[in-house]
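Structural description and commentary
Single-letter residue listing:
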Amino acid sequence: MSDKINIVLLAAGKGTRLNIDIAKPLCPANGKTLVDYVIEELAEIESEKKLYVVVGHKAENVETHICENFPNLDKKFILQKEQLGTGHAVKTFLDESPEAKDAEFTIVVCADTPLIKKNTYDQLINKIKNDDLQAVCATFKLANPTGYGRIVHADKGFKIIEEKDASDEIKKINEVNSGLYIFKTEHINSYINNLNKENNSNEYYLTDLVEPGLDVATLCYKDSLEFTGVNNLIQLEQIEKELRRRKIEELQLSGVRFINSDSVYIEQTVRIERECTIYPNVVLMGKTSIGQHSIIESGTTIKNSTVAANSIIKSNSYLEGAMVGERSAIGPMARLREGSVIGEACKIGNFVETKKVNFENGVKVSHLSYLGDADIGENTNIGCGFVTCNYDGANKHKTTIGKNSFIGSDCQVVAPIKIGSDAYIGSGSTINKDVPDGAFAIARERQTTKENMAKIFIKKKE
């Protein structure tokens, strides 16, 4: 018998009460899936280990997700064709994994319990080893234990009585089963074939592997929230709140300031460096990274974007798939769409929208403009109301503007087009021909002024 640990992850359930059309382990939670959190903590266990994932409903989807996200983890998938209870799931695992019998211990955990910490697994492992037990069950106490299996202690060992099988007296017990266990593998081998379905659920209960008289024990935890399973969307919201609380607390301790953390939505994959300030009502999602000393003002949403150090994203801006260089200012009320690469010390002002652009350092686009499929050279200034006309109804076309150029207000350029460096475009122009370096271009009608004619056009109130 080796010191290796089997980890049996129960991931076969349908999650019917969630009312979502995906496998329950893949239910989204704060930017990841439920099963991601469970596996990440299990992977931190320092002992040699192998993960056995018992799959059932939409098994292929679950397997694909885990393989893609945890490619280096030693793992095996076990198909539970019929969901006949937790005991049946573990028996299926053993029947299809003869090599697992060589491991000394087996942890059994549910895929819908994303709040369990690595430290909890360590405590269970230490308990079963130090006390030389056959099994340890994590438990906790609830003021209202309805729905949970009750822990009935004996002089030696204990028994778990499921809610459906409990008498009124048993239902008064407030210590309950978490669904997290560690067994000596030889104990499971000895008892697993004795399980039966003589209960009100007509299922094989894994809980029947512990009973009075055996060397089994509980480890009771004060924090019941840690063991919450996600069975409906109400519980999912509770779980996500706790995940965000942990994330924000971690960031605060590392030096990130939140003005009102309760109002911030931040996903697990977001990275923020120290000495940043996050204002209320900010949404940070996906693989977003925010550099040191940056400020994110209220009402801003940032998805899968990078904001470099010493930058400010002003109120009510929306960034998705964008990169912002150091010392740049974005907004207020700016939109940076997919493929926007903004250099250092740039200014993107209010009501400016960008898509698939590359701005070199020092570019300024201050108001009411749209730039798509464009390369803009360093220190070029774009006036108010500028539009790159990049779409001809079938294809997108490129605009290129050199460095140190000036584009006056209310201009349009019809792509594909190139404007050189040190060029000047007069306000109110529609430019549809290339402009060379150092050139001045203007394209508008000559002004006509008729004296004393305004009275014809101005209407007065009667």
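Basis of the calculations
- Residues numbered from 1 in each chain as written.
- Predicted model: local features only at pLDDT ≥ 70, side-chain atom pairs only at ≥ 80, totals over all residues.
- Heavy atoms only, no water.
- 1 Å grid on protein atoms, 1.4 Å probe; cavity = no way out; pocket = protein on both sides within 12 Å on 5 of 7 lines; lining within 4 Å.
- Points joined across faces, edges and corners; volume = space filled by probe spheres on them.
- Helix = DSSP H or I, 4+ residues; strand = E, 2+ residues; numbered from the N terminus.
- Pairing = 2+ DSSP bridges.
- Right-handed = clockwise from strand over helix to strand, strands pointing away.
- Buried < 20%, exposed > 50% of the residue type's maximum accessible area, 1.4 Å probe, protein only.
- Core = buried A, V, L, I, M, F, W, Y, C linked by side-chain atoms within 4.5 Å.
- Contact = heavy atoms within 4.5 Å.
- Nonpolar A, V, L, I, M, F, W, Y, C, P; charged D, E, K, R; others polar.
- Phe/Tyr/Trp six-rings, centres within 6.5 Å; stacked < 30°, edge-to-face > 60°.

A closer look at empty space enclosed by the protein
If you walk through the whole model with that rule in mind, you get one cavity of 30 Å³ or more. Each pocket or cavity is described by its volume, and for the largest cavity that value is around 50 Å³. Ile7, Leu42, Ala43, Lys49, Lys50, Leu51, Leu73 and Asp74 are the residues that line the largest cavity. Elements represented by at least two residues in the lining of the largest cavity include exactly helix H1 (34-43) and strand S4 (49-55).

Notes on the pairing of strand S5 (residues 75-79)
Inspection of the sheet shows S4 paired to S5 by five bridges, in the parallel sense. Counterpart to Tyr52 in the pairing with S5 is Lys76. Handedness of the β-α-β unit built from S4, helix H2 (residues 59-69) and S5 comes out right-handed.

A few points about the environment of Asn194
Checked against the element boundaries, Asn194 lands in the loop between helix H5 (185-191) and strand S11 (216-221). Judged by its relative accessible area of 54%, Asn194 falls in the exposed class. Sequence spacing of Asn194 and Tyr204 is ten residues, and the spatial spacing of their C-alpha atoms is 9.8 Å.

As for the pairing of strand S9 (residues 158-161)
Inspection of the sheet shows strand S8 (residues 150-153) paired to S9 by four bridges, in the antiparallel sense. Considered in S9, the bridge of His153 is made with Phe158. Hairpin geometry of S8 and S9 is characterised by an intervening segment of four residues between the two adjacent antiparallel strands and by a positive phi of about 80° at Gly157.

Regarding the nonpolar core
With 48 residues, the main nonpolar core has Ile272, Ile330, Leu336, Ile348 and Phe359 as its most contacted residues. For this core, the secondary structure elements donating two or more residues are helix H6 (233-253), strand S27 (347-359), strand S28 (364-376) and strand S34 (417-419). Contacts of Ile348, omitting those with residues within four sequence positions, involve Ala329, Ile330, Gly331, Ala334, Leu336, Ile342, Phe359 and Val365.

A look at the side chain of Thr185
By the element assignment, Thr185 lies in helix H5. When sequence neighbours within four positions are dropped, the list of residues in contact with Thr185 reads Asn6, Ala100, Lys101, Ala103, Glu104, Phe105 and Thr106.

So, unusual backbone geometry
In this model, Gly331 is joined to Pro332 through a cis peptide bond whose omega is 5°. If you trace the backbone, Pro332 turns up in the loop between strand S24 (329-330) and strand S25 (335-336). Here the amide bond leading from Ala415 into Pro416 is cis, since omega sits at 5°, within 30 degrees of zero. If you trace the backbone, Pro416 turns up in the loop between strand S33 (412-414) and S34. One non-glycine residue with positive phi stands out, namely Glu275, at about 65°. Along the polypeptide, Glu275 turns up in the loop between strand S14 (271-272) and strand S15 (277-278). One non-glycine residue, Leu368, adopts positive backbone phi at about 50°. Relative to the elements of secondary structure, Leu368 occurs in strand S28.

Some thoughts on the layout of surface pockets
Think of a ball as big as a water molecule: rolled over the atoms, this probe shows where empty space is left. Of the voids in this model, the largest pocket is the one considered here, and its volume is about 1,600 Å³. Elements supplying a minimum of two residues to the lining of the largest pocket: strand S1 (2-11), helix H3 (86-96), strand S10 (175-184) and H6. Among the elements that make up the lining of the largest pocket, the one with the highest residue count is S10 (four residues). Each residue belonging to the lining of the largest pocket can be placed in one class, and the counts come to 14 nonpolar, 21 polar and eight charged.

With respect to the environment of Gly377
Summarising the element assignment, Gly377 is placed in the loop between S28 and strand S29 (381-382). A relative accessible area of 6% places Gly377 in the buried class. Measuring from C-alpha to C-alpha, the distance between Gly377 and Gly362 comes to 8.6 Å, with 15 residues separating the pair along the chain. Not counting residues up to four positions away in its chain, the partners in contact with Gly377 are Glu360, Val363, Ile401, Gly402 and Lys403.

Examining the packing of aromatic side chains
Tallying each qualifying case throughout the model produces seven aromatic pairs. Plain terms: the ring middles of Tyr181 and Phe183 are 5.7 Å apart, the flat faces sit at 25° to each other, and that makes the pair stacked. For Phe183, a relative accessible area of 1% corresponds to the buried category. Where Phe406 meets Tyr424, the ring centres are 4.9 Å apart and the plane angle is 25°; that geometry is what we call stacked. Of this pair, Phe406 sits in strand S32 (residues 406-407) while Tyr424 sits in strand S35 (residues 424-425), placing them 18 residues apart in sequence. Overall, Phe406 belongs to the partly exposed group, its relative accessible area being 32%.

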